[in-house]
Every structure is written in structure tokens, then in C-alpha cells.
Amino acid sequence: MPFPILTSLIALPAAGALLLLLVRDADERNAALVRNIALVVSVLVFGETLLMWARFDPASADFQFVERHAWIPAFGISYIVGVDGISLLLLVLTGFLTPIALLSSWDSVHTKTRAFCIFVLLLESAMMGVFVSIDLFLFYVFWDAMLVPMYFLIGIWGYDRRIYAAVKFILYTMAGSVLMLLAILGLAYLHSTATGAYSFDLMRLYDLEVPPHLQLWFFLAFALAFAIKVPLFPFHTWLPDAHVEAPTAGSVILAGVLLKMGTYGLIRFAFPLFPLAARFFAPGLAVLAVVGIVYGALVAMVQPDMKKLVAYSSVSHLGLVVLGICAMNTQGVQGAVYQMLNHGVSTGGLFLIVGMLSDRRHTRLIAEYGGLKKVMPHLVAAFLIITLSSIGLPGLNGFVGEFLILLGAFRADPRLAAIAATGVVLSATYMLWMFQRVNYGPVSNEKNAGLTDLRPREWLVIGPIVAMTILMGVLPNLFLRPMEPSVERVLNRYHQGAQTEIRAGLAPNLESPIPNPGARR
Amino acid sequence: MTSLNAIVPMACVTAAAIAAMVAEAFREPGEQMPIGPLGAIGLVGAAIASIVLWNHNTSSFGVVVADNFGLFVTFVLIIVGLLSLAISEPTIDREHLPRGEYYALMLFAIAGMMLMATASDLLVIFLALEVLSLAVYVLTGIRRDSALGTEAAFKYFLLGAFSSAFFLYGIAFTYGLTGSTRLDRVGSLIASQAMAPTPMQLLAVGLLLVGFAFKVSAVPFHMWTPDAYEGAPPAVTGFMSTGVKAAAFAAFVRVFLSAFEPLRGDWGVVLWVIAAGTMIVGAVVGVAQSNVKRMLAYSSIAHGGYLLVALLAANDVGKGAVLFYLLTYAVTNIGAFGVIAVIDSAERPNDRLRDYAGLGTDHPVLAGLMTIFLLSLGGFPPMAGFIAKWYVFSAAVKAGYNWLAIIGVLTSVVSVFFYLRIVVMMYMTPRNAEAPTRFPPVPRMAGLALVVSALIVFYLGILPTRVLDWAAASISTIF
């Protein structure tokens, strides 16, 4: 039996958490030990994800490293994990950001360190689980289980309004996802009427022909769950609260990985499982995405709080990702997946920078800063690179994703692409304006005059992020190549599914009134 | 058939109860006697007897059937009994309750519950109902000097007696119609006339339904629940919120899915409305509670609603859903009340929400256990509550009760809100001036019981296959 690498991605952080339970933590005396154990575990996991990437066959579109075990056989529920080009890099991203998040909390988390590290590791375990699950039931289990550690991270170690934010986060996400659970059940039931056996196996469900009226309901249930997670306008209201109140490590993971689960879910489940309904709803989703792009950018522009500004910029950037998915052509979807990675790196980086500033000054208000460039040149240099990457400067990672998405969107619907492009311009405005107010000009507030520049630990935190933005900008093919076959397969499934069912006369009335984005591919 | 085998489990428990009573009578004042372990021996005896009886489908006097369904519920009751014995210990010590009386009542109640789960005759079900109810009424008011406890016991008694009357009327009408109180004969006679149900039949079913609805605290017959749960000592509340519910649901399932199955078209609609109302009221009103015991009382009302959905949707998929849910709910809920019982101190009940502030820091293990139980009640994976809810809802979707499933999942989100309020208090709120300066230490047995409950919760949540299969196979013995 080959080494079960995907299971170990889930199990290793969980085992690390259990190990930490054994460490006595009376009065934080062992805090350093606890932090180091957690860091070592998360670095090991990152190493494993890299190993997996190295052994991944980029030419194949299939799921690789698949493991299959019966779990609840009476209901066709199995433990099936596997990875394809779409999930591969998201796993690497998860592995990459977790140690950074842990490192970033080194000086800012002083209470209940052990519990903090346990929750971060459990969260990592659940996140890995979400991305590797090919069984829908298993996916849902991880999807729901992930909420609990994040809830504690926000609620215990967050800022002033942390409880409100934590409860809002968990209730919003749950409310969206429980209906998806029913849709999953309905799907498995449908499979049993068609073939006589229950199955939650994604591969089998892909082949299932779902009647059009059920597709509509199922797609809505799935899309609602994912739209809340992304978050798509108008379901985004939990995000600014959660982001702003979460501790830095929480914000990094939330922005870096958790939001991607929504867009990942759209690509992996909602679109290929229900192609007909997706065809019907994609234009509407695309409009919401564009509204989100512009709305998020406009709201970000007027935020006095840096963290809130970054949070709203996430709404805007993820709108772009959803737009790329809705285009349902190669450029759009590839750009969307790429942009998911970019956003994880650059927004994660921005939250880290904001966290460093607020660790020093205990405020996140832009007005409190000014002229930092003279005081802490290294930090500001990193800040600049990440800002530029976030607004999509050519040569850095953000450009590649945005360009591909806009290209894809333009082929699908030029009007939407044109409006989305204004969002990109707006993002340059709010990010650079914020950067200018914080870093340039005279040191207006004397409290800022004595701030220390990057400490060695902070170099370790921000260095990899900066390196990654440059690497992903210069060598995009390194990342795009492994995902290409898988993206093509999703698109084939989507277009074929929609075509055969229309040809079979299953859906005479489901032609969308709006010209369809995928039609001109 | 007059084989006595089928009543051996309850005979074991009854013997232990009588022994406890006798021991109390002969006990010198101040003398310590291991009465609790005596009860545990009786329960373990009952468990062994049930294992021996498994798969044999024995029946005694034609009115008690030890089929696998009854035995599965018996196992649940034994687990409830053992855990209740363990978590009662601190309450008894602290409140200076008469140990023998307390345990004797509890064991008699368990014997009544077992009888109720295995009875196949309406009159015997009624008898069992009275045995368990009388014992539980007294247990509710066992703190004689507590005004709240007395009020609770009195309310519970009055409303319980009222519902018993309904139940008895239902039996009388059924007898009038069919000339028998045995479920199998009632069933075959009703089936032969089921084409056009007469008003008399509907009246009989309706009265029985009301009687059961009272006992499982379904809306709109739930009014007694919060008061009784709040007034009783927390260990007793844990016991009655799980044991009584399990026994009542067992009889409910047996009567309605076997004898009155032919009339499903009529009672199904009523039960649909009751189930929906129970889930909604339980979850929504629970949000407004500031007393943890009342909050969990509404939570158990809501869980009764999910059980009703499982009962309604019992089909080839969801057959075992009722039993699996009962087991899960029993273990989880008794764990949660166990934590409340342990935190309870002689000076103050510590049962308001804000008393939990800072528990996460003072008593990390206890707070962790409580979090596990609450998250399981809320239906989070990988805890048992998730699998149980999933099982119920998959049965509902399969049976075509889509709206009940949708109401169910949405109300479970609402209920998560109030479970989290407790978690917020324990972990995220600093201890305020009003909270107790020190929580009492955890007694060893009670602590062990809580840890065992938590382990069962995880076991059922992560590796549920075997128990799911048992549950599905057990219920096949009755329909």
C-alpha cells in the first residue's frame, strides 16, 4: 500500500493538536514549547504538501493519490480522498499559510497559547479535509467541522467585538450550508432511485442525470452555501466583522483559505454537478459578482480602518474570482483558480502587515499613521510589494489572475468584463491611497517616530509571502500547468452536461434569457 | 406463553430498587452504604439479561415482548441509568438527600421505562407509564425545602395526571372499538376496517396521540417541561429529559407504527404539524432563555421535534433513525446536565447563563466536555449529534417530507445560537463579580461518567456504522 499522503495531511495536524493536549500549560509556562511544537507540525505538513506537488502528475486530469475506504456502507458513504490540479495548489496554499499564521501570532497571542495552537492545527486539518474530499458527505463533514475552531479563534483571541463577529460568522455560514446538506441528501437519494444504491461519491454523482427542476433547487442550495462563504454580494455582511475582529492569524487563514472554499465549491461541485441549472444561473451570479467587485471597491475606499479596508477589498477580489468561474471558459476558470491563490498570498500578506502595525501601535486607523517609510523602511518595502501585487501590477502575481479572468469574462460577456475592469482600477485607487496616507509624508504622529522595523521573526513571516508574490508573477506557468487538464475536464463536463440534456429535450424552458457566458466558447 | 424470560431485565432493576429501599430502612443515621453501586449492579444485570435475550423475541404473558426494538431501548435506558447514578452522587451529598429513597425512585422509574419500551398491550403501557411517572414526580420534588422544586413537581404531577387521563380515554375507546388492548389484535382489527376510518377510531387515535405528546413534551403540550426541568435537581433533569423521553418514544413508535399504522393517513398530518411546531418553538423560545436549565429544556423540546420527524419518516432508510437519535440524544443530553449538576453548589444553583462566565479558565476540562456536548446537540461533526440529525433528515427527504427537513435544518441553526451562548460565556467572557469565586471540585465518579459520555459522543460521530446497523435491524422487529 502506498503511503496515504492525503490522509496524513488531515491526520498530522490533528495528531499535533492531540499532542499539545498532553502538554501542561499552567500559567503559560510552556508557551514557547507549545508554539514550537505547533510550528514544527505545520511546517512538516507544508513539506508534505510540497512533496505531494512534486509527485503530482501534471499531465493527468484525474484525481491522484486516491484513497478509498467504506465508512457507513449502508448509505454508500465512503472515505474517499483525492487531489487534482484544482485542489493541489489550494492544499499547498493551506500548508504555506498555516505556519506563517502561527509565526505571526508569536508576540500577539499571550493568553491560552496552547488552546490557540490546538485550534489552528484543528482548523488546518479540517481545511485539508475540505479540499481533498471526493465524497460529498465527507466534504460536508469537514466543511461544517471547520467552523468550530475558527469560531473559537475569532471569539477568544479577537478584538473588541469578537463575540458578535464569531457568532455571526458561524450562524451565517451554517445557515447557508444546512440547505446544501439537504441537497446532498437529495442527490444521493436520486442516485439510489437511478441505480439502486446510495452514493455520495462525486465521480458517480457526476454521471448522474439530474432532472432540470431538481437541478435548479439543488444548485440554489449549493450556490447559497458557497456564495455566503465566498462571500458574494449581498451575502458578504459577515465578512468585514469576522475579518476585522479576528486575530491576525485568524484573518490570514480566513482570507487566505476559508474564502477559497466557496469558490472551490462552485468549481468542484455546483457547476459540474448541475450544468443545466448552472447555465441558467451563471449570468445572474456573474452580475452579482460584478456588483460585488464595484461595491466592495467603493466601500473599501472610504474605510478609515486598514483592516476593514482589506476586508472589503476581499469582497471585491473574490467577486472577480466568481466572475471568472461564471465565464466557464478556460481562461476564466484558470484565472479564477490562479486568483484564488494570489488572493490567499497577497491578502494574507496585507493582513500580516496590518497586524504588525497594530501590534506596535494598537490601532488600525489609517489616520493614526503617516510617514512610516522613514521609520521602518523594510516593513514598508514589503508593504509596497504586497500592495502592488494586490492591485495587479504586471510582474507580480495579481496581474496574471486578473488578466486571465478579464479575458475569459470578456469572451463571455464584454459588458460585464468592462464593468469589472473598473473595479480593478478602483482597487488601485483605494490601495495606493491607503498606502500613501500610511507611509508617505512627514511623520505626523510622534508615537510613530520610534517604531522598530521588521524583527527577525517578522522577516520569516513576511519574507516567504513577498517571495511568493514575485515567483507567482514571474513564473505563472509553474502553477498554471498542473491545473490545466483538471480545469479542462470540469469545463467539458459542464458543457457536455448542459448540451446533452438540452438535446435530450430535458430542458426546453431552461434557456437563459441573458446571453450565456459559456455559449461562445 | 408464560415464559418469564422477557421480564428478567426489569426484574433485575426492580430487585435493585427494592434492595435500595430496604437498605435505606435499615440504615443507621449517618451510616454510609454503597447504595449507588447496588443500583449499578442491578442495571448491569439487566444489561446481561438483555444481551442473552437479544434476537430471541421472547414474550411474557403475551403482553411484554423482549424484541430487539424493546431491547435496544432497554440498552439506552441502562446507559441513561448508569450515567444518572454516577452524576447523582454529588447532588445527593450536597443537598443531603435520602440516598436510598433517591436511588430506589430512580431505579423504579427505570424499571417502568423498560416495561414501557417492551410492553405490547395498551394497558401495560399505561401501567408502565404510571410507574415511571409517579417515581419521576417524586424525584422532581425531592428537594422538599426548595420552593422551586415543589412547584415543579406539582405542575408536573397535575399536567402529567391530566395527560394520563387522555391516554386512558384513548385506551378505553380503542377497547370499545376492537374489544382488545393487545397491540397486535388492535392492529389487525383496525387494518380490516381501515378503508373508511370512523369518528370513533379517530377519537381513539387522537386521545392516545395527545397522551404521548404530553409525555414527549411536543408542542403544544410542552408547557410543563421548562418548569419541571428547572425545578428538579439537575441530575434528575438529565435523567428525566432522556429516560422518560426514550421510554415514551419507544411506546409511541410501537403503538403508532404497528397498531395504528393503517390510520397513518389521518394521524400523519397531525403529527407533521406537531413535529414542525415542536422544532420551531423549541429552537426559537430557547434563544430567549437566560437560565441554562430552561435553555436545555427548550433544546430537549426541539430534539423531541426531530424525533417526531424520525417517527413520521420511518421508512426503509430511516427505520433506525428514531433509535439512533434516542441513543445519541440520551448520551449527549445527560452529559450536558451532568456538567450542570457538577457545577451546582450548595450555596447557589449556578444555573444562570452568566454563572458560566470564566468556566473555561477555571475548569478547562469541564468546560471542554460541556462544549463537546453542546456542539453535539447543535449537530456539528464529528460529534454524534451530526450523524443522528443527518440520519433523521435523510429519512425525511427519502419519505418526501422535504419541508419538515428544511424546517429541521433551519431550526437546528437557530438552536446553535443558544448552545453557543453558553460556549461564549465559558470561554469568551471574563468572570464577573457575580459568578462564583470557585466552582466546586469534580467528584471522581461523576467526572468519569462525563468523560465516558464524551467518548461515546465521539465514537458515535466518527464510527457510527455498527450502531446504525443495530438500530436499523432492531426496529425491523416491529414493522
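About the cut-offs
Residues numbered from 1 in each chain as written. Chains lettered and ligands numbered in written order. Predicted model: local features only at pLDDT ≥ 70, side-chain atom pairs only at ≥ 80, totals over all residues. Heavy atoms only, no water. Helix = DSSP H or I, 4+ residues; strand = E, 2+ residues; numbered from the N terminus. Rg over C-alpha atoms; globule rule 2.2 N^0.38 Å. Buried < 20%, exposed > 50% of the residue type's maximum accessible area, 1.4 Å probe, protein only. Contact = heavy atoms within 4.5 Å. Areas by Shrake-Rupley, 256 points an atom, 1.4 Å probe, with all protein chains shown as cover. Lys, Arg positive; Asp, Glu negative; His and termini not counted. Charge placed at Lys NZ, Arg CZ, Asp CG, Glu CD. Buried area = accessible area lost by both parts, 1.4 Å probe. Salt bridge = Lys/Arg side-chain N within 4 Å of Asp/Glu carboxyl O. Polar contact = N/O pair within 3.5 Å; in protein donor to acceptor, adjacent residues only side chain to side chain. Pairing = 2+ DSSP bridges.

A.B. asks: Sorry, what's going on with the overall build of chain A here?
C.D. replies: Of the regular secondary structure elements, chain A holds 20 helices and two strands. A compact globule built from 521 residues should have a C-alpha radius of gyration of about 24 Å, and chain A, at 22 Å, falls within 12% of that. Considering only C-alpha atoms, chain A reaches an extent of 75 × 55 × 40 Å along its principal axes. For chain A, with 521 residues in total, the buried portion stands at 67%. Residue pairs in contact within chain A that sit at least 24 positions apart in sequence constitute 81% of those at least 6 positions apart. Carbon and sulfur atoms make up 67% of the accessible area of chain A, which totals about 17,000 Å². Charged side chains in chain A number 34 positive and 30 negative. The centres of these two groups are separated by 4 Å.

A.B. asks: Would you mind showing me how to read the overall build of chain B here?
C.D. replies: Across its full length, chain B carries 19 helices and two strands. Against the compact-globule benchmark of 23 Å for 479 residues, chain B has a radius of gyration of 21 Å, which places it among compact chains. Across the 479 residues that make up chain B, the buried fraction comes to 65%. Residue pairs at least 24 apart in sequence account for 82% of intrachain contacts in chain B once pairs closer than 6 positions are excluded. Averaging the coordinates of the 25 positive side-chain charges in chain B and doing the same for the 25 negative ones gives two points 5 Å apart.

A.B. asks: I'm lost on unusual backbone geometry in this one. Help?
C.D. replies: Trans is the common state for peptide bonds, and a negative phi is the common state for residues other than glycine. A cis amide bond, omega 5°, links Val219 of chain B with the succeeding residue Pro220 of chain B. With respect to the helices and strands, the residue Pro220 of chain B is situated in the loop between helix H8 (199–215) and helix H9 (224–231). The residue after Pro381 of chain B, namely Pro382 of chain B, is reached through a cis peptide bond having omega 0°. Although it is not a glycine, Lys112 of chain A adopts a positive phi angle of roughly 50°. Here Lys112 of chain A is to be found in the loop between helix H3 (85–104) and helix H4 (113–132). Take Lys112 of chain A: its relative accessible area is 23%, and that puts it in the partly exposed class.

A.B. asks: Explain the interface of chain A and chain B to me, please; I cannot follow it from the model alone.
C.D. replies: It is common to give the size of an interface as the accessible area that goes away when the parts come together. Taken together, the contacts link 34 residues of chain A with 35 residues of chain B. Both sides of the chain A and chain B interface together cover about 3,000 Å² of buried area, and 83% of this is carbon and sulfur. The three residues of chain A that bury the most area against chain B are Phe75, Leu182 and Leu185 of chain A, which together make up 17% of that side's buried surface. Joining chain A to chain B, the criterion identifies zero salt bridges. In this structure, the connection of chain A to chain B is made through four residue pairs in polar contact (both at pLDDT 80 or more).

A.B. asks: Got a minute to help me understand the pattern of salt bridges in this structure?
C.D. replies: Under the definition given, this model contains 27 salt bridges over all chains. Here Asp62 of chain A and Arg489 of chain A are joined by a salt bridge, their closest N and O atoms 3.4 Å apart. Of this pair, Asp62 of chain A sits in the loop between helix H2 (31–55) and strand E1 (64–72) while Arg489 of chain A sits in helix H20 (residues 476–503), and the two are 427 residues apart along the sequence. Since its relative accessible area comes to 47%, Asp62 of chain A is described here as partly exposed. The exposure class assigned to Arg489 of chain A is buried, which follows from its relative accessible area of 16%. Through salt bridges with shared partners, a single ionic network connects Glu151, Lys155, Asp227, Glu230 and Arg294 of chain B.

A.B. asks: Honestly, the pairing of E1 of chain A in this entry has me stumped. Any pointers?
C.D. replies: In regular strands, side chains alternate between the two faces of the sheet. Two elements, E1 of chain A and strand E2 (residues 77–83) of chain A, share six bridges in a ladder whose sense is antiparallel. The partner of His69 of chain A across the bridge, within E2 of chain A, is Tyr79 of chain A.

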